[in-house]
Amino acid sequence: MSVTPSASGASERTYLELSQEGAGAHKFYEVTVDGTTVTVRYGRIGAAGQTQTSSFATEDKARAAAAKKVGEKVRKGYAPAEPGGRAARPVTRRQVASAPSTARAVAPVLWRFRTGAAAFGIHVDEDRCWVGNQDGDVFTLGHGGEVLARYRLPDGVKCLVADDFWIYAGCDDGTVYDLSSKLPFAAYEVTASVDIFWLDIHEGVLNVADRDGGLTVIDHEDEHQWSRRSDGTYAWMVRRDAHAVYHGHSAGVTAYAPDGGGRLWHSATDGPVLFGWQEDRSVYAGTARRSVQRLSKATGRIEATYRCDAVVYSCATAPGGRYVFAGDNSSSVYCFDADGTRLWKLGTGSGSALSMQYLDERLYMVTTDGSLVCVDASDAAISAARSGTVPVPRDIKSAAALPTYTPATTVATVEAVPASGGVVVECVQEGGRLRVHVVSDGYEPAWNVQFPRHIRRAGARYVVDALAPASGGFYRVRGEIRQLI
């Protein structure tokens, strides 16, 4: 085993990697013993990774614990390596340009929050707004613009997606973080061979679109299910429902059976697909040929085309597709009737919209200058804006004492279930894999729990604040995770 002493001789380090070229893992694992302290650092090759530190009664016990950790990884295929010997995973960040708007009027912006870097991720629900940027920051805001919290993730945020109650952030390092609790945890890790462009999650199943036009599907246990390669490349769209996965790329939109059983249909679009949206019966593809196109989910037939004046970076709809919105690369935002009639075009005042979402007569956009913008999209406000009357936007500032949450690098321990309550889960070996099942009464013991893979230890028990059942027969964690000792 490759062991490197420090210059002082006081510490010893073992560095291992597991890298399968072309597919599979691309990870490192480093164990350092310094006296009675053992530090473990792990993660994707090329990234800083996460760190866990443990203390032991004696140096001998510390070395024994380190040797055990290293032995476990070697049995899983890790091998000694030199840091920096392998390249980091490929990361493509969308190269975007944003020209001034050609619209004669500016949209009625109610408030604007500058995140500090270009932002792609947005999610808006009844409770709050979420925005994620390329610096790895995710902010949550109230609908009035008040900043509520900040999450600091290790790499740039590709997108934010919701799956019922749960909110996930997909990052450039291939990790998808669950942000549903105060402490984010890594719910999925996408193989290094996949250059992620976009993500969607439906009933715990992760769907990944990539640079090469590939589609990768991973289940709630963070295990690969199936993959397909579409006819085009640069797949910026993936949306999923119970009936299909809709994959948008340079050659159009392709629908696949959700179980990977095959292609259901393919439709060529006006141009390469740069963004996608879905409603119950239709999917919407924003294209590089200045249009948004509505396609039937059942057949792939193009049902309507919404013409813009420049390349479309993003799109969204009002419920049921009653209105269709689009953002172009010239800092303009459009609204169309369902049949394709353009109702208005206005300047954003904050660059080009890279993602957008509509809720309760408000249009929320994240833009090339890193802003989250809230637009009053009511008929009265738009009519006034077209006549030149708009409100003065409020520029939202972040509070100095803003709560900030980072992914946990260690797991807190407890000796018993807290008096406030909790649910006990246990890691068990099943068919050579570590699964997590519920031990507490009142739950289905055969169901698996979606649980951070990096903290699973055979036989270990954990206390979680709560569990919620998900469609598909598994539980999701709600709240903090603590190891029961």
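All of these numbers come straight from a predicted model, not from anything done at the bench. (Residues numbered from 1 in each chain as written. Predicted model: local features only at pLDDT ≥ 70, side-chain atom pairs only at ≥ 80, totals over all residues. Heavy atoms only, no water.)

1. A look at the overall build of the protein chain
Thinking step 1. A count of helices and strands for the protein chain gives 2 helices and 42 strands.
Thinking step 2. Its C-alpha radius of gyration of 24 Å places the protein chain within 12% of the 23 Å reference for a compact globule of 485 residues.
Thinking step 3. Counting only residues that meet the buried cut, the protein chain has 55% of its 485 residues in that class.
Thinking step 4. Long-range pairs, those at least 24 residues apart, make up 48% of the contacts in the protein chain with a sequence separation of at least 6.
Thinking step 5. As presented, the protein chain carries roughly 20100 Å² of accessible surface, and 47% of it is formed by carbon and sulfur atoms.
Thinking step 6. Of note, the protein chain has its 52 positive side-chain charges centred 3 Å away from the centre of its 55 negative side-chain charges. (Helix = DSSP H or I, 4+ residues; strand = E, 2+ residues; numbered from the N terminus. Rg over C-alpha atoms; globule rule 2.2 N^0.38 Å. Buried < 20%, exposed > 50% of the residue type's maximum accessible area, 1.4 Å probe, protein only. Contact = heavy atoms within 4.5 Å. Areas by Shrake-Rupley, 256 points an atom, 1.4 Å probe, with all protein chains shown as cover. Lys, Arg positive; Asp, Glu negative; His and termini not counted. Charge placed at Lys NZ, Arg CZ, Asp CG, Glu CD.)

2. Remarks on the environment of Val 366
Thinking step 1. You can see Val 366 is positioned in strand E33 (residues 362-367).
Thinking step 2. Distance from Val 366 to Ser 350, taken between C-alpha atoms, is 9.0 Å for residues 16 residues apart in sequence.
Thinking step 3. With sequence-adjacent residues up to four places away left out, Val 366 is seen in contact with Ala 119, Phe 120, Gly 121, Ile 122, Val 131, Ser 352, Ala 353, Leu 354, Ser 355, Ser 371 and Leu 372.

3. Comments concerning the pattern of salt bridges
Pairs can form between side chains of opposite charge whenever their charged atoms are close.
Thinking step 1. Under the defined criterion, the tally for this structure stands at 23 salt bridges.
Thinking step 2. Three or more residues are tied together by salt bridges with common partners; here these are Glu 221, Glu 223, Arg 433, Arg 435 and Arg 456. (Salt bridge = Lys/Arg side-chain N within 4 Å of Asp/Glu carboxyl O.)

4. Description of the side chain of Thr 287
Thinking step 1. Summarising the element assignment, Thr 287 is placed in strand E25 (residues 282-287).
Thinking step 2. A polar side-chain atom of Thr 287 sits 3.1 Å from the main-chain amide nitrogen of Arg 289.
Thinking step 3. Sequence-distant contacts of Thr 287, that is, excluding residues within four places in its chain, are made with Thr 269, Asp 270, Gly 271, Pro 272, Val 273, Leu 274, Gln 293, Val 311 and Val 312. (Polar contact = N/O pair within 3.5 Å; in protein donor to acceptor, adjacent residues only side chain to side chain.)

5. Description of the layout of surface pockets
Thinking step 1. Approximately 1200 Å³ is the volume found for the second largest pocket.
Thinking step 2. Considering the residues around the second largest pocket, the lining is formed by 50 residues, among which His 123, Val 124, Ala 162, Asp 163 and Gln 357 are closest to the centre.
Thinking step 3. The residue makeup of the lining of the second largest pocket, split by class, is 24 nonpolar, 11 polar and 15 charged. (1 Å grid on protein atoms, 1.4 Å probe; cavity = no way out; pocket = protein on both sides within 12 Å on 5 of 7 lines; lining within 4 Å. Points joined across faces, edges and corners; volume = space filled by probe spheres on them. Nonpolar A, V, L, I, M, F, W, Y, C, P; charged D, E, K, R; others polar.)

6. So, the environment of Asp 135
Thinking step 1. In this fold, Asp 135 is placed in the loop between strand E9 (129-133) and strand E10 (137-141).
Thinking step 2. Measuring from C-alpha to C-alpha, the distance between Asp 135 and Asp 155 comes to 6.5 Å, with 20 residues separating the pair along the chain.
Thinking step 3. When residues no more than four places from it in sequence are discounted, the contact partners of Asp 135 are Gly 116, Ala 117, Arg 152 and Leu 153.

7. Overview of the sheet that holds strand E32 (residues 353-359)
Thinking step 1. One open sheet accounts for 5 strands, arranged E32-E33-E34-E7-E35; its pairing is mixed. Only two strands of the sheet have a single partner each, and these edge strands are E32 and strand E35 (394-396). Strand-to-strand twist in this sheet, taken as the mean axis angle between neighbours without regard to direction, amounts to 20°.
Thinking step 2. Note: E32 against E33, 6 bridges, orientation antiparallel. Considered in E33, the bridge of Tyr 358 is made with Leu 363. (Pairing = 2+ DSSP bridges. Axes fitted to C-alpha atoms, helices over the stretch in contact; angles between N-to-C directions.)

8. Some remarks on the sheet that holds strand E24 (residues 273-278)
Thinking step 1. Reading across the sheet, the 4 strands line up as E24-E25-E26-E27 and stay open at both edges, with antiparallel pairing between neighbours. Each having just a single partner strand, E24 and strand E27 (302-307) make up the two edges of the open sheet. Between one strand axis and the next, the sheet turns through 20° on average, direction left out of account.
Thinking step 2. In terms of strand pairing, strand E26 (residues 291-296) meets E27 through 5 bridges, oriented antiparallel. In the sheet register, Leu 295 faces E27, and the bridge partner there is Ile 302.

9. Examining the nonpolar core
Thinking step 1. The biggest cluster of nonpolar side chains holds 83 residues, and the ones touching the most others in it are Leu 206, Phe 325, Leu 363, Val 449, Phe 451 and Leu 467.
Thinking step 2. Beyond its immediate stretch of four places on either side in the chain, Phe 451 contacts Val 425, Val 436, Arg 456, Tyr 462, Val 464, Val 477 and Ile 481.
Thinking step 3. By size, the runner-up hydrophobic cluster in this structure holds 17 residues, among which are Ile 122, Cys 129, Val 147 and Tyr 364. (Core = buried A, V, L, I, M, F, W, Y, C linked by side-chain atoms within 4.5 Å.)

10. A look at helix H1 (residues 59-75)
Thinking step 1. The first and last C-alpha atoms of H1 sit 24 Å apart over 17 residues, in line with the 24 Å expected at 1.5 Å per residue.
Thinking step 2. Listed as buried for H1 are Ala 62, Ala 65, Ala 66, Lys 69, Val 70, Gly 71 and Lys 73.
Thinking step 3. The first or second residue beyond H1 is Gly 77, which carries a positive phi of 110°. (Expected span 1.5 Å × (residues − 1).)

11. A short note on unusual backbone geometry
Negative phi characterises most residues that are not glycine, and trans characterises most peptide bonds.
Thinking step 1. A positive phi angle, near 50°, is found at Tyr 234, a position not held by glycine.
Thinking step 2. Tracing the backbone through its elements, the reader meets Tyr 234 in the loop between strand E19 (224-229) and strand E20 (237-240).
Thinking step 3. If you check the backbone angles, Glu 361 has positive phi at about 65° while not being a glycine.
Thinking step 4. Within the secondary structure layout, Glu 361 lies in the loop between E32 and E33.
Thinking step 5. Since its relative accessible area comes to 43%, Glu 361 is described here as partly exposed.

12. Quick look at a negative patch on the surface
Thinking step 1. On the surface, a cluster of negative charge is contributed by Glu 126, Asp 127, Asp 360, Glu 361 and Asp 379.
Thinking step 2. Its location among the elements puts Asp 360 in the loop between E32 and E33. (Patch = residues over 30% accessible without salt bridge, like charges linked within 9 Å, V, L, I, M, F, W, Y side chains within 5 Å.)

13. Concerning helix H2 (residues 379-386)
Thinking step 1. Those residues of H2 that fall on the buried side of the exposure criterion are Ala 381, Ile 382 and Ala 385. Around the axis of H2, the buried residues are gathered within 95° of arc, so they sit on the same side. Looking at H2, the residues exposed on the side facing more than 90 degrees away from the buried face are Asp 379, Ala 380 and Arg 386.
Thinking step 2. Backbone geometry just after H2 places Gly 388 at a positive phi near 100°. (Arc of directions from axis to C-beta.)

14. Some remarks on the packing of aromatic side chains
Thinking step 1. Applying the stated criterion to the full structure yields 21 aromatic pairs.
Thinking step 2. Look at Tyr 246 and Trp 265: their rings are 6.3 Å apart centre to centre, the planes differ by 40°, and that puts the pair in the tilted class. One end of the pair, Tyr 246, is in strand E21 (residues 245-249); the other, Trp 265, is in strand E23 (residues 263-267), with 19 residues separating them in the sequence. Residue Tyr 246 shares its accessibility class with Trp 265, and that shared class is buried.
Thinking step 3. Taken together, the ring pairs in this structure connect Tyr 323, Phe 325, Trp 344 and Tyr 358 into an aromatic cluster.
Thinking step 4. One Lys or Arg, Arg 476, reaches over the ring of Trp 166 and ends 4.6 Å from the middle of that ring.
Thinking step 5. In this arrangement the basic side chain of Arg 478 is found over the ring face of Phe 165, its NZ or CZ atom lying 3.6 Å from the centre. (Phe/Tyr/Trp six-rings, centres within 6.5 Å; stacked < 30°, edge-to-face > 60°. Lys NZ or Arg CZ within 6 Å of the ring centre and 35° of its normal.)

Spatial relationships are all this shows, so hold off on functional conclusions.
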